[in-house]
Amino acid sequence: MPHLTIHPVIADLEKQIIAYRRHFHQHPELGFQEVETAKYILDQVKDLDLDIRHPLVRTGIVATMSNGDGPCIALRADMDALPIQETADPPYKSQNDGVMHACGHDGHLAILLGTVLALDQLRDQWQGTVKFIFQPAEEGEGGARYMIAEGALNDPDATAIFGLHVWNYQDFGTIGIRSGPVLAAADEFEIIVKGKGGHGAMPQGTVDAVYVAAQLVVALQSIVSRNLDPLQSGVVSVGQIQGGQNFNIIADEVALKGTARAYREEDRQLIKSRLEGACDGIAVTYGAAIELDYHDGYPPTLNDPVMTEVALRAARKVAGDGVGEPYLSMGGEDMAYFLQEVPGCFIFLGSAKPEHKAEKVPHHCSHFDFDERALAVGASVFIEIVRDLLPAGS
Ligand SMILES: [Zn+2]
Ligand SMILES: [Zn+2]
């Protein structure tokens, strides 16, 4: 394992940071309902000299720490848990039935809280302003977008933003950082195929919605394989198909649901327009009516090249050779919205426990857990980013 250099102030706070994580893990709340989570955060920082804005977007918090003249940078954590019943039995098991921090946002909160405490103690080592953004509802509802609309990045204006994700697809001790796209645009679509029903033995005069839907499913798989540049990434998956009544009835209506993902905005637009084209073309070919409802999800998460260099320098101070390329996926993240507003970098913090070597415990599963030693690593990286971008005596 690479040698780790935990910032001494973070090392002193590590027990506290782990206790924070366990508290959040025991008391998870769903998106836009993080009321107790917010109260707890505010309580932990109440004695510090911070400018607090709360509630922002119901449960969000922006805590601003000013420390002399200098630019303002933002550090962000997401607050929400998932509608999952925890099946493992750690001593810090979720106490809220059917709700669980199964993505690691409890860790993000603990890291950011620890960073607040540490930067307050380290005021002689940096100069400027740091905004700590605690953002609700990352899982699907895009809380980031609403935080931006309510001015989370303004007054004072943040010139850079950093966030991280504990990442069980990478071993503890590693940190994944790269410039450019790191998570995908994640869109959803719903399609309704309307045909004309009839007797299964007499297809003449009918428009078989099941047959048309089957053609459509096959056609959609040609978008990535035949339209997208093979050196770029995209995926179209139909996840649900529903329709028909019985073995001898030709279905008059079939509904399909799916997801479309891409790393680049232009590929996302290409997939979207080919999807529309396939629906229109197949409708004409088979005489059906096809309605497409396409929902734009999160945009691609794009790391800025300059801020990626900052993050790399900071991460190497902490994890040395453990810093490398992130394990990439076509998942989506609403950090993408912040990164559309100001340059920044989203960092992947290796958190797989050594005993889970062969079979990593995935995010969003009911027995999700991560290596808590990653918390001190993440907080140390945040500290080094602040010291790099906001040096003392500047
Ligand atoms: Zn998640
Ligand atoms: Zn997450």
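Note that the coordinates shown come from a computational prediction; the quantities given were computed from them, not determined experimentally. (Residues numbered from 1 in each chain as written. Chains lettered and ligands numbered in written order. Predicted model: local features only at pLDDT ≥ 70, side-chain atom pairs only at ≥ 80, totals over all residues. Heavy atoms only, no water.)

(A) Local environment of the sheet that holds strand β6 (residues 175-176). Pairing within the open sheet is mixed, and its eight strands lie in the order β1-β2-β4-β3-β5-β16-β6-β15. Each edge of the sheet is formed by a strand with only one pairing partner; in this case those strands are β1 (51-56) and β15 (323-324). Here β6 pairs with β15 via two bridges, running parallel. Within the sheet, the bridge partner assigned to Ile 175 lies in β15 and is Val 323. (Pairing = 2+ DSSP bridges. Helix = DSSP H or I, 4+ residues; strand = E, 2+ residues; numbered from the N terminus.)

(B) Quick look at the coordination of the zinc ion (ligand 2). Bound to the zinc ion (ligand 2) are the protein donor atoms Cys 103 (SG), His 105 (NE2) and His 165 (NE2), situated 2.1 to 2.4 Å from the metal. Counting gaps between the donor residues of the zinc ion (ligand 2) yields the pattern C-x1-H-x59-H. Between the two metal centres, the zinc ion (ligand 2) and the zinc ion (ligand 1), the spacing is 3.1 Å, with Cys 103 acting as a shared donor. Placement of the pair is Cys 103 in the loop between β3 (72-78) and α3 (105-121) and His 165 in strand β5 (residues 160-171), with a sequence separation of 62 residues. Of the two residues, Cys 103 and His 165, neither departs from the other in class, the shared state being buried. (Donors = N, O, S within 2.8 Å, 3.2 Å for Na, K, Ca; no water. Buried < 20%, exposed > 50% of the residue type's maximum accessible area, 1.4 Å probe, protein only.)

(C) Just the sheet that holds strand β8 (residues 185-194), in detail. Ordered in space as β10-β12-β8-β13, the four strands form an open sheet in which the pairing is antiparallel. The open sheet has two edge strands, β10 (234-243) and β13 (289-298), and neither has a second partner. Looking at each pair of strands side by side, their axes are set apart by 15° on average, direction ignored. Alignment of β8 against strand β12 (residues 253-262), held across 10 bridges, turns out to be antiparallel. Of the residues in β12, the one forming a bridge with Val 193 is Val 254. (Axes fitted to C-alpha atoms, helices over the stretch in contact; angles between N-to-C directions.)

(D) How the structure looks around the domain arrangement of the protein chain. Annotation of the protein chain at the domain level lists domain 1 (8-182 + 301-389) and domain 2 (185-298). Look at where the C-alpha atoms of domain 1 and domain 2 centre, and you get two points 38 Å apart. Considering only the surface of domain 1 that becomes buried against domain 2, Pro 181, Met 330 and Tyr 337 emerge as the three largest contributors, covering 58% of it. Counting the contacts that link domain 1 with domain 2 gives zero salt bridges. On the surface where domain 1 and domain 2 come into contact, there are six residue pairs in polar contact (both at pLDDT 80 or more). Taken together, the residues of the side of domain 1 that touches domain 2 sort by class into six nonpolar, five polar and five charged. (Domains from an automatic or database assignment. Buried area = accessible area lost by both parts, 1.4 Å probe. Salt bridge = Lys/Arg side-chain N within 4 Å of Asp/Glu carboxyl O. Polar contact = N/O pair within 3.5 Å; in protein donor to acceptor, adjacent residues only side chain to side chain. Nonpolar A, V, L, I, M, F, W, Y, C, P; charged D, E, K, R; others polar.)

(E) Examining the coordination of the zinc ion (ligand 1) more closely. Protein coordination of the zinc ion (ligand 1) is provided by Cys 103 (SG), Glu 139 (OE), Glu 139 (OE) and His 364 (NE2), with donor distances spanning 2.0 to 2.8 Å. Motif for the zinc ion (ligand 1), donor spacing along one chain: C-x35-E-x224-H. According to the relative accessible area criterion, His 364 is partly exposed, its value standing at 41%.

(F) Structural detail: the nonpolar core. Among the nonpolar cores identified, the biggest contains 74 residues, and Val 130, Phe 132, Phe 162, Ile 175, Ile 177, Ile 347 and Ile 385 are the most heavily contacted of them. Here this core takes 10 residues from helix α9 (residues 373-389), the largest share from any one element. Excluding anything up to four places from it in sequence, Phe 132 contacts Ile 61, Val 62, Ala 63, Met 65, Leu 75, Leu 112, Thr 115, Val 116 and Leu 119. Within the second largest apolar cluster, 26 residues are counted, among which are Cys 72, Ala 144, Ala 152 and Tyr 337. (Core = buried A, V, L, I, M, F, W, Y, C linked by side-chain atoms within 4.5 Å. Contact = heavy atoms within 4.5 Å.)

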